[in-house]
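Close look at the chain arrangement
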Amino acid sequence: MEVDREDGRSQNQLRPLACSRNILHRAHGSASWSQGDTKVLAAVYGPKAGTKKNENPEKACIEVIWKPKTGQIGKPEKEYEMILKRTLESVCILTVNPNTTTSIIVQVVNDDGALLPSAINAACMALVDAGIPMKHLAVAICCCVAKSGYVILDPTKLEEQKMKAFAYLVFPNSVHSVLPEGSLRVEGEPIENGIITSVTHGMMSVDDYFYCLERGRAASVKLSDFLRRNLQQQSTDSSKAG
Amino acid sequence: MEGRLANSWRLTVNDKNFIKTALLSEIRIDGRKPFEFRKISIKFGREDGSSEVQLGQTRVMGMVTAQLVQPYRDRPKEGILSIFTEFSPMADPSFEPGRPGELAVELGRIVDRGLRESRAVDTESLCILAGKFVWAIRIDLHILDNGGNLVDAANIAALAALLTFRRPECSLGGEDGQEVIVHPPEIREPLPLTVHHLPIAISFGFFSNESILVIDPTHNEEAVMGGRMTTTVNANGDICAIQKSGGEGVPRRVIMQCLQLATSKAASITKQIKDAVEVFNTERALRKIKRHPTSTGNDVREKQN
């Protein structure tokens, strides 16, 4: 089944990715992530002393601030902050620096579809740039289901609005290990088969959802490769002292 | 790592003394001369009205949007211009999210005064139907990185965004000519704003020794200086605004010297902004030409097998 998308991509083709780290001078870690025309800037400050009131002082705490491009901060922004916070809490090793707060500030520069996945990817890269200890990276992707049943990856804003339903999926990054038997397993399955976060909008059938997961997981392998290349290239950064 | 755990940043006494002593011999810690501006780089986003300005280590993003609203009752034939400043917590560890603090409000007011009261943006051309519909232009300034001298960078970002912004064209229609029809950008080309002149803000820092004056202070110098003054001038030599709020007193001849310096710097900065806008407009025109082969209603459709 052939599908024509406005920008000429195929069903499973992602938009061109671009990522640069260490772009801000005051922030401890910063990254800019763009998928096609969607561009997000993330900055990390931390760890700072003390945790917020209702947080557990025996663990590190993560605080997310989402800044939209224009306008007041409303409920959608608060929802994004909560999703980001929970996703990143499961990715970071919280027991290393107890009773500290790490703040992640996300600034939307341009929104052309798949905003939340771009923000999650940007936030992960910023955390790497800041040197916050993490178990693995979170790789986020957006899948849409159309009325006629086919699934496309990484939609633009127009495509997102026309689709019946879409899902934001976050997977752990794919693992390249020297000993395949020694790679991390959770209950017998390799760790990359897990899902960290899934947010859906609209109604889709169960089969469609599982198909999205499959496509999303395949795309996350490609995204992981991109991240690996990007991080290895820029690994000659000077250390950030205060 | 210890420096990170503290939430506030303070300059040590040694650093402060070093900066002051170096200035006595006209040396600044980043190697500039006292009357030298840092390198300005102006970039634009994909859409109209979005700019990103980098002044040395300071980074500011400007966004311009427009909406049709009812005009103020005492000015029924004029459009509305409003400026919102956001000191994003990513710019500085001491910036808190939430309500803008006094620095943010002061910055917003300086940029606003430069644009509004000098009539740089023509608000009468924003009126569509007197008393009923006018365009309200909203400028959002996001401070992304605080490397010192936020006012100047924010001002340049606001000007760059205003010069590249385009508002949709609209016409009057309906039975009695009282309805406004807004044409989408694909049907009719959106229009740029009328900007008569570019008010450029230039900031100066004064140090405890009266004759020491620097232009474009970095945030280390801002922590040491005794007073600051921002002058908003344009390339024609008109003074649009001067802001000196507190700090040490300076003699009259120093103020005159500042104004002369500001006028000469304003000319070069105006040229830089105009050149950057030219480049963006050329690119935009090229993009429009390339868009035509694929822009005719390509809905997502499937080929029947």
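An unreviewed UniProt entry lists chain B under the name Protein ECERIFERUM 7, with Gossypium tomentosum given as the organism.

Per an unreviewed UniProt entry, chain A is named Exosome complex exonuclease RRP46 homolog, and its organism is Gossypium tomentosum. Its UniProt record gives chain A a comment under Sequence similarities (unreviewed entry), which states: "Belongs to the RNase PH family." Quoted verbatim from the Subcellular location (unreviewed entry) field of UniProt, the annotation for chain A is "Nucleus, Nucleolus".

Attention now moves to helix α3 (residues 102–116) of chain B. Residues and elements named next belong to chain B. Under the 1.5 Å per step criterion, the end-to-end length of α3 is 20 Å for 15 residues, consistent within 8% with the ideal 21 Å. Turning to α3, its buried residues are A104, L107, G108, I110, V111, D112, G114 and L115. Taken together, the buried residues of α3 touch β4 (80–87), β6 (133–145), α4 (150–164), β13 (227–233) and β14 (239–243).

So, about the UniProt feature "domain: Exoribonuclease phosphorolytic" (unreviewed entry) in chain A. Under the UniProt annotation, "domain: Exoribonuclease phosphorolytic" (unreviewed entry) lies at residues 13–133 of chain A. End C-alpha to end C-alpha, residues 13–133 of chain A measures 32 Å, and it is 27% helix and 35% strand.

Considering soluble globular proteins, one finds that nonpolar side chains tend to be buried as a cluster. The biggest cluster of nonpolar side chains holds 66 residues, and the ones touching the most others in it are W66 and L84 of chain A. With eleven residues, helix α2 (residues 115–130) of chain A is the largest single contributor of residues to this core. Not counting chain neighbours up to four residues away, the residues in contact with L84 of chain A comprise V64, W66, V106, A119, I120 and A123 of chain A. Residues A154, F165, I202 and I273 of chain B belong to the second largest nonpolar core, which totals 61 residues.

Quick look at the confidence of the model for chain B now. All names here are of chain B. Confidence in the prediction of chain B, expressed as mean pLDDT, is 87, and 92% of residues score 70 or more. Confidence, read as mean pLDDT per element, is least for helix α1 (residues 2–5) in chain B (42) and greatest for α4 (96). Confidence drops under pLDDT 50 across residues 1–6; counting only partners more than four residues distant or on other chains, this segment forms ten contacts. Within the model, the stretch residues 293–305 combines pLDDT values under 50 with 17 contacts to residues more than four positions away or in other chains. Predicted as a complex, the structure gets a pTM of 0.88 and an ipTM equal to 0.85.

On to the pairing of strand β11 (residues 200–206) of chain B. All names here are of chain B. Within β11, seven of the seven residues are buried, leaving the element largely enclosed by the surrounding structure. The pairing of β11 with β13 spans seven bridges and is classified as antiparallel. Note on β13: the bridge partner recorded for G205 is R228. In this sheet, strand β12 (residues 213–215) lies alongside β11 in antiparallel orientation, the contact comprising three bridges.

Residues and elements named next belong to chain A. The strand order across the open sheet formed by four strands is β7-β6-β8-β11, and the pairing between neighbours is antiparallel. Of all the strands in the sheet, just β7 (151–153) and β11 (197–201) have a single pairing partner and so form its edges. Pairs of neighbouring strands in the sheet enclose a mean axial angle of 20 degrees, with direction left out of account. Pairing between strand β6 (residues 138–145) and strand β8 (residues 165–172): eight bridges, direction antiparallel. Its bridge partner lying in β8, V139 is registered against F171. Packing of helix α1 (residues 75–91) onto the sheet brings it into contact with β6, β8 and β11, and relative to β11 it is tilted by some 160 degrees. Sheet contacts for α2: β6 and β8; angle to β6, the most-contacted strand, approximately 170 degrees.

Residues and elements named next belong to chain B. Packing of α3 against α4 brings their axes to within 10 Å, and their N-to-C directions diverge by 45 degrees. Considering the angle they form, α3 stands oblique to α4. In terms of crossing hand, the pair formed by α3 and α4 is right-handed. In this structure, α3 contributes L107, I110, V111 and L115 to the contact, and α4 contributes L150, V151, A154, N155, A158, L159 and L162. Here the residues of the contact of α3 with α4 sort into ten nonpolar, one polar and no charged.

Procedures and definitions
Residues numbered from 1 in each chain as written. Chains lettered and ligands numbered in written order. Predicted model: local features only at pLDDT ≥ 70, side-chain atom pairs only at ≥ 80, totals over all residues. Heavy atoms only, no water. UniProt positions renumbered as here; feature names shortened; annotations may be inferred. Helix = DSSP H or I, 4+ residues; strand = E, 2+ residues; numbered from the N terminus. Expected span 1.5 Å × (residues − 1). Buried < 20%, exposed > 50% of the residue type's maximum accessible area, 1.4 Å probe, protein only. Contact = heavy atoms within 4.5 Å. Core = buried A, V, L, I, M, F, W, Y, C linked by side-chain atoms within 4.5 Å. pLDDT = per-residue confidence, 0-100. Pairing = 2+ DSSP bridges. Axes fitted to C-alpha atoms, helices over the stretch in contact; angles between N-to-C directions. Parallel < 35°, antiparallel > 145°, perpendicular 65-115°, else oblique. Left-handed = near helix turned anticlockwise from the far one by under 90°. Nonpolar A, V, L, I, M, F, W, Y, C, P; charged D, E, K, R; others polar.

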